[in-house]
Amino acid sequence: MKKKQFSIDCKCFFVILTVLFSSYSIAQQNYVIDNSSHFWEKVQFGGGLGLGFGSGYTDISVMPSAIYNVNEIVAVGLGLQFGYLNSKNYYESYVYGGSLITLVNPIPEIQLSAELEQVRVNTDYDANFNRPRYSDNFWNTALYLGAGYRTGSVTIGARYDVLYNPNKSLYGSGFMPFVRVYF
């Protein structure tokens, strides 16, 4: 049953990618690509920073990324992710990894995205409820497909992890809103 679901998810992913890139390949508007530009002039840096503190709870995330603008429509890039979570007397967790990013802007105001994320999760649970201290270490893979409204260097939207499994995922939901900024 799991193999059949994986096959269906893969087919859906390839259909979505085909739709995303087919509009680019048959676009009738001509874009001028200036090949005299230097590589670094087409690179943008951005990312995210997350801080959460509460009574006995700490959540710190740093997620830098960089994209290369292939042309006015398509950008590709890389991202890194580092995270620390701590819930006093319950667990301490470190998350680190990377991602591959593809952004497609069929029109300037709309941004479609595909992001393959691979992170390592190392969690140490404290001894409680008559259970000894134990660790849970695993790799988490996510494939996010998203869409957002873009204005200038800021995009606000939502993405969905098509590989989401509630029994194995690092996150509580496959759906995530986002704010993306590149300078």
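Above this text you will find the structure in question.
No experiment lies behind these values; they were computed from the predicted model shown.

Our next topic: the pattern of salt bridges. Counted by the stated rule, this structure contains two salt bridges. A salt bridge links Glu115 to Arg159, with the nearest nitrogen and oxygen atoms 2.9 Å apart. You can see Glu115 sitting in strand β5 (residues 110–125) and its partner Arg159 sitting in strand β7 (residues 154–161), a full 44 residues away along the chain. The exposure class assigned to Glu115 is buried, which follows from its relative accessible area of 13%. On the accessibility criterion, Arg159 (14% relative accessible area) is buried. For the salt bridge of Asp126 with Arg133, the shortest nitrogen-to-oxygen distance reads 2.6 Å. The class for Asp126 is partly exposed, based on a relative accessible area of 23%. The exposure class assigned to Arg133 is partly exposed, which follows from its relative accessible area of 48%.

Scanning all chains against the criterion turns up seven aromatic pairs. On the basis of an interplanar angle of 80° and a centroid distance of 5.3 Å, the ring pair of Tyr90 and Tyr91 is categorised as edge-to-face. Given the relative accessible area of 41%, Tyr90 is considered partly exposed. With centroids separated by 5.8 Å and ring planes inclined at 75°, the aromatic side chains of Tyr90 and Tyr125 adopt a geometry described as edge-to-face. Of this pair, Tyr90 sits in the loop between β3 (74–87) and β4 (91–107) while Tyr125 sits in strand β5, placing them 35 residues apart in sequence. Residue class for Tyr125 comes out buried when judged on its relative accessible area of 18%. In this structure, Arg180 is placed above the aromatic ring of Phe178, and the distance from its NZ or CZ to the ring centre is 4.2 Å.

Further remarks concern the layout of surface pockets. Taken as a whole, the largest pocket holds about 870 Å³ of empty space. Surrounding the largest pocket, 36 residues form its lining, Met63, Gln81, Glu117, Arg159 and Tyr171 being those nearest its centre. Put simply, the parts of the chain that give the lining of the largest pocket at least two residues each are β1 (43–54), β2 (57–69), β3, β4, β5, β6 (134–151) and β8 (175–181). When the residues that make up the lining of the largest pocket are grouped by side-chain class, the tally is 19 nonpolar, 11 polar and six charged.

The strands making up a sheet associate through backbone hydrogen bonding, with each pair oriented either parallel or antiparallel. One open sheet accounts for eight strands, arranged β1-β2-β3-β4-β5-β6-β7-β8; its pairing is antiparallel. The open sheet has two edge strands with one neighbour each: β1 and β8. Here the strands of the sheet are splayed against their neighbours by 20° on average, with no regard to which way each runs. Sheet topology places β7 next to β8; seven bridges connect them, and they run antiparallel. Across the sheet, residue Ile156 finds its bridge partner in β8, namely Val179.

Quick notes on the rules
Residues numbered from 1 in each chain as written. Predicted model: local features only at pLDDT ≥ 70, side-chain atom pairs only at ≥ 80, totals over all residues. Heavy atoms only, no water. Salt bridge = Lys/Arg side-chain N within 4 Å of Asp/Glu carboxyl O. Helix = DSSP H or I, 4+ residues; strand = E, 2+ residues; numbered from the N terminus. Buried < 20%, exposed > 50% of the residue type's maximum accessible area, 1.4 Å probe, protein only. Phe/Tyr/Trp six-rings, centres within 6.5 Å; stacked < 30°, edge-to-face > 60°. Lys NZ or Arg CZ within 6 Å of the ring centre and 35° of its normal. 1 Å grid on protein atoms, 1.4 Å probe; cavity = no way out; pocket = protein on both sides within 12 Å on 5 of 7 lines; lining within 4 Å. Points joined across faces, edges and corners; volume = space filled by probe spheres on them. Nonpolar A, V, L, I, M, F, W, Y, C, P; charged D, E, K, R; others polar. Pairing = 2+ DSSP bridges. Axes fitted to C-alpha atoms, helices over the stretch in contact; angles between N-to-C directions.

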